[in-house]
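What follows is the residue order along each chain.
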Amino acid sequence: QGMWQTYDILGDKQDERFAGVELDTNGHPGEGEVLSLSNVIQVGSVRSDCPTCFDSEDFKRLPAASLPWPSIARHLVLGNG
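Residues numbered from 1 in each chain as written. Predicted model: local features only at pLDDT ≥ 70, side-chain atom pairs only at ≥ 80, totals over all residues. Heavy atoms only, no water.

1. With respect to the overall build of the protein
Looking only at helices and strands, the protein features zero helices and four strands. Looking at the protein as a whole, 10% of its 81 residues are labelled buried. Long-range contacts, defined here as pairs at least 24 residues apart, represent 30% of the contacts in the protein between residues at least 6 apart. (Helix = DSSP H or I, 4+ residues; strand = E, 2+ residues; numbered from the N terminus. Buried < 20%, exposed > 50% of the residue type's maximum accessible area, 1.4 Å probe, protein only. Contact = heavy atoms within 4.5 Å.)

As structure tokens, this is what we get:
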């Protein structure tokens, strides 16, 4: 996960978005089990300016891949969190 930053032709930052990857193991490894990989992108946020209010963030999940468990036998997936 990290920040996705967009710059214009002069090098000035135009936009900044949170982006991450989400893995769903869909249960325990076995026959017919699938590992789903999705990209998670922040599409909106509202920051509160009062002490009793709360911040809000909206995320969109974009499916990237679905892999059957036997096909990932020699792959390593690392992450913090």
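2. What to know about the side chain of Gln42
Tracing the chain through its elements places Gln42 in strand S3 (residues 34–46). Gln42 sits in the buried class, given a relative accessible area of 11%.

3. Examining the environment of Val21
Here Val21 lies in strand S2 (residues 13–24). For Val21, a relative accessible area of 55% corresponds to the exposed category. Spatially, the C-alpha atoms of Val21 and Ala64 are 9.2 Å apart, while their sequence positions differ by 43 residues. Other than its neighbours up to four places away in sequence, Val21 contacts Leu37, Ser38 and Asn39.

4. Observations regarding the state of the cysteines
The tally for this structure, following the rule as stated, stands at one disulfide. Each sulfur in the disulfide pair Cys50 and Cys53 lies 1.9 Å from the other. Disulfide Cys50 to Cys53: torsion about the S-S bond roughly 120°, handedness right-handed. The exposure class assigned to Cys53 is partly exposed, which follows from its relative accessible area of 42%. (Disulfide = S-S within 2.5 Å.)

5. Details of the pairing of S2
As paired strands, strand S1 (residues 2–7) and S2 are joined by six bridges and run antiparallel to one another. Within S2, the residue paired with Met3 across the bridge is Phe18. What sits between S1 and S2 in their antiparallel hairpin is a turn of five residues, with Gly11 showing a positive phi close to 95°. Where S2 and S3 come together, six bridges link them in antiparallel fashion. Counterpart to Asp24 in the pairing with S3 is Ser36. (Pairing = 2+ DSSP bridges.)

6. Focus on the pattern of salt bridges
Applying the stated rule across the entire model yields four salt bridges. Here Lys13 ties to Glu16 by a salt bridge, and the two come within 3.3 Å at their closest N and O atoms. A relative accessible area of 44% places Lys13 in the partly exposed class. Residue Arg47 pairs with Glu57 through a salt bridge whose shortest N-O separation is 3.2 Å. In this pair, Arg47 sits in the loop between S3 and strand S4 (56–68) while Glu57 sits in strand S4, placing the two residues 10 residues apart along the sequence. Of the residues examined, Glu57 reaches a relative accessible area of 37% and is grouped as partly exposed. Taken together, the salt bridges that share partners define one network made up of Arg47, Asp55 and Glu57. (Salt bridge = Lys/Arg side-chain N within 4 Å of Asp/Glu carboxyl O.)

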